[in-house]
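# Coordinate inspection notes
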Amino acid sequence: MIVLLIDRESIMKYGILISCLLLIAGCANTDEETTTPDLLGRWVNVATTTDTLSFERLDGSDIINLQRGTEVRDGLVLPRAGSGPYSYELREKEILLNWMLSSNSAFESYYFEAKGKQLEIGDFYGPDPEERLTFERIN
């Protein structure tokens, strides 16, 4: 039988040290995902007033649903190009997007910044990803 003799002072010192380390680790600024409660809801493109982003949580995953209306292609009425759900991850001044209807699982990086009731995002569904689109919260 092994008997450990630990005095009360040692327990307190190590307890305080471990508590401080856990506090520092919890406050560390990593470049990982940020929380999105302020983004949840619907946002409309201020230039087109038709393209709408919906930030949602689905089965614990963050998604953006892009609604762009419909268009006629080959005699069929179909959703406009780029419409549909996107997985996303937020980083500082950046959003990583993956169109969930594609077989490609790679995430693409775009500019992203949200301030109050407006957000700017790189044009992830148009011809120029360097162009910035402005959306305004509608609910």
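Residues numbered from 1 in each chain as written. Predicted model: local features only at pLDDT ≥ 70, side-chain atom pairs only at ≥ 80, totals over all residues. Heavy atoms only, no water.

## Details of the overall build of the protein chain
- In terms of helices and strands, the protein chain carries one helix and ten strands.
- Helices and strands in the protein chain line up, N terminus first, as α-β-β-β-β-β-β-β-β-β-β.
- When burial is assessed residue by residue, the protein chain has 28% of its 139 residues classed as buried.
- When the accessible surface of the protein chain is totalled, it reaches about 9800 Å², and 55% of it is carbon and sulfur. (Helix = DSSP H or I, 4+ residues; strand = E, 2+ residues; numbered from the N terminus. Buried < 20%, exposed > 50% of the residue type's maximum accessible area, 1.4 Å probe, protein only. Areas by Shrake-Rupley, 256 points an atom, 1.4 Å probe, with all protein chains shown as cover.)

## What to know about the pairing of strand β1 (residues 41-45)
- Here β1 lies mainly inside the structure; four of its five residues are buried.
- Alignment of β1 against strand β2 (residues 52-58), held across four bridges, turns out to be antiparallel. Across the sheet, the residue bridging to Gly 41 is Phe 55, located in β2.
- As paired strands, β1 and strand β10 (residues 132-137) are joined by three bridges and run antiparallel to one another. In the strand pairing of β10, Asn 45 is matched with Phe 135. (Pairing = 2+ DSSP bridges.)

## Concerning the confidence of the model for the protein chain
- Confidence in the prediction for the protein chain averages 82 pLDDT; 73% of positions are at 70 or higher.
- The low-confidence segment residues 19-35, where pLDDT is below 50, has nine contacts with residues more than four positions distant or belonging to other chains. (pLDDT = per-residue confidence, 0-100. Contact = heavy atoms within 4.5 Å.)

## Remarks on the side chain of Asp 62
- By the element assignment, Asp 62 lies in strand β3 (residues 61-67).
- Judged by relative accessible area, which is 11%, Asp 62 ranks as buried.
- A polar contact is formed between the side chain of Asp 62 and the side chain of Arg 57, at a distance of 2.3 Å. (Polar contact = N/O pair within 3.5 Å; in protein donor to acceptor, adjacent residues only side chain to side chain.)

## Quick word on the environment of Leu 66
- For Leu 66, the position within the fold is in strand β3.
- Separated by 24 residues in the primary sequence, Leu 66 and Arg 42 have C-alpha atoms spaced 9.8 Å apart.
- Dropping the residues within four chain positions of it, Leu 66 is found in contact with Thr 52, Leu 53, Gly 82, Ser 83, Gly 84, Tyr 86, Phe 124 and Tyr 125.

## Some words on the pairing of β3
- Sheet topology places β2 next to β3; seven bridges connect them, and they run antiparallel. If you follow Arg 57 over to β3, its bridge partner there is Asp 62.
- Connecting the antiparallel pair β2 and β3 is a turn made up of two residues, with Asp 59 showing a positive phi of about 50°.
- Note: β3 against strand β6 (residues 84-91), four bridges, orientation antiparallel.

## Section: unusual backbone geometry
- Non-glycine residue Thr 49 carries a positive phi angle of around 55°.
- Its identity is not glycine, yet Lys 93 carries a phi of approximately 55°, on the positive side.
- Mapped onto the elements, Lys 93 comes out in the loop between β6 and β7 (94-99).

## Some thoughts on the packing of aromatic side chains
- Tallied over the entire structure, the rule returns seven aromatic pairs.
- Aromatic side chains Tyr 110 and Phe 124 sit 6.2 Å apart centroid to centroid with 65° between the ring planes, which places their arrangement in the edge-to-face category. Residue Tyr 110 is located in strand β8 (residues 108-115), and its partner Phe 124 is located in the loop between β9 (118-122) and β10; the two are separated by 14 residues in the primary sequence.
- The class of Tyr 110 is buried, set by a relative accessible area of 16%.
- Taken together, the aromatic side chains of Tyr 86, Trp 99, Tyr 110, Phe 124 and Tyr 125 make up a single cluster linked through ring pairs. (Phe/Tyr/Trp six-rings, centres within 6.5 Å; stacked < 30°, edge-to-face > 60°.)

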